[in-house]
Amino acid sequence: GLEVFDLGQLTTPVLRYSVKNLALDAGVHLFATPEKPGDVRIHFIDSHGCSLLPSAERKIENLYIRDDFRRQDPEGIKRAHILSDVPTFYIRSLLDSVDTEEIRRKNYRVLVSAGGSRLGSYILHRVLKEAGCEIRKCREDMEREMKDEKVDLGCILDPDCEMVTLFDEKGN
């Protein structure tokens, strides 16, 4: 049987970080899609924290569809290791990768839109807050609110937290 680590609820970037930094062989992330309620997506991550190539994903899918894989006897199934604080380590890693003192000196005001993922929004807010940024929540229109709110930076986090769109103080 495989050794399984249950990292709990997380985002794909946190899984990528975890697989690489915990020296795991691979990772699988199951998550609901905000675009189509009821749909579930699966991300397969290799030992480097990168997505598997589409050809490798197809091989896994074909093995599953053909039911062409070895079954483990129940006695041989190992207990899953539960690691619940992984997002905390991810946040610390992000903060350690930037000069937080310089960011604090600048006193940045950041307009944030992170509506798709509660955990992603939490991570983004924690990083910005610990870096000394003043955070304002975007309500509807990033470009208009950038001008109205007089902020230094705008940030839109995609629903899976894999992409960030940044805007300068002029909304560009």
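Predicted model, so just to flag it, every value in this text is computed and none were measured.

### A look at the state of the cysteines
Working step 1: On inspection of all chains with the given rule, the structure shows zero disulfides.
Working step 2: With no disulfide of its own, Cys-50 lies closest to Cys-161 among cysteine sulfurs, the gap being 18 Å.
Working step 3: Accessibility expressed as a relative area gives 40% for Cys-50, which makes it partly exposed.
Working step 4: For Cys-155, which is in no disulfide, the shortest distance to another cysteine sulfur is to Cys-133 and amounts to 10 Å.

### Some thoughts on the sheet that holds strand β8 (residues 164–167)
Working step 1: Spatial ordering of the open sheet is given by β6-β5-β7-β8, a layout of four strands whose pairing is mixed. Looking at the sheet topology across the chains shown, the edges are occupied by β6 (134–137) and β8. Strand-to-strand twist across the sheet, computed as the mean angle between neighbouring axes with direction ignored, equals 25°.
Working step 2: Where strand β7 (residues 153–157) and β8 come together, four bridges link them in antiparallel fashion. Paired with Ile-156 across the two strands is Thr-165, which belongs to β8.
Working step 3: Where helix α6 (residues 142–149) meets the sheet, its contacts fall on β5 (109–113), β6, β7 and β8, and the angle it forms with β7 comes to roughly 150°.

### Overview of a nonpolar patch on the surface
Working step 1: Together, Val-28, Leu-30, Val-40 and Ile-42 line one region of the surface with nonpolar side chains, adding up to about 390 Å² of accessible area.
Working step 2: For the nonpolar patch, the secondary-structure elements that each account for two or more residues are β2 (27–32) and β3 (40–45).
Working step 3: You can see Ile-42 is positioned in strand β3.

What counts and what doesn't
- Residues numbered from 1 in each chain as written.
- Predicted model: local features only at pLDDT ≥ 70, side-chain atom pairs only at ≥ 80, totals over all residues.
- Heavy atoms only, no water.
- Disulfide = S-S within 2.5 Å.
- Buried < 20%, exposed > 50% of the residue type's maximum accessible area, 1.4 Å probe, protein only.
- Pairing = 2+ DSSP bridges.
- Helix = DSSP H or I, 4+ residues; strand = E, 2+ residues; numbered from the N terminus.
- Axes fitted to C-alpha atoms, helices over the stretch in contact; angles between N-to-C directions.
- Contact = heavy atoms within 4.5 Å.
- Patch = residues over 30% accessible without salt bridge, like charges linked within 9 Å, V, L, I, M, F, W, Y side chains within 5 Å.
- Areas by Shrake-Rupley, 256 points an atom, 1.4 Å probe, with all protein chains shown as cover.
- Salt bridge = Lys/Arg side-chain N within 4 Å of Asp/Glu carboxyl O.

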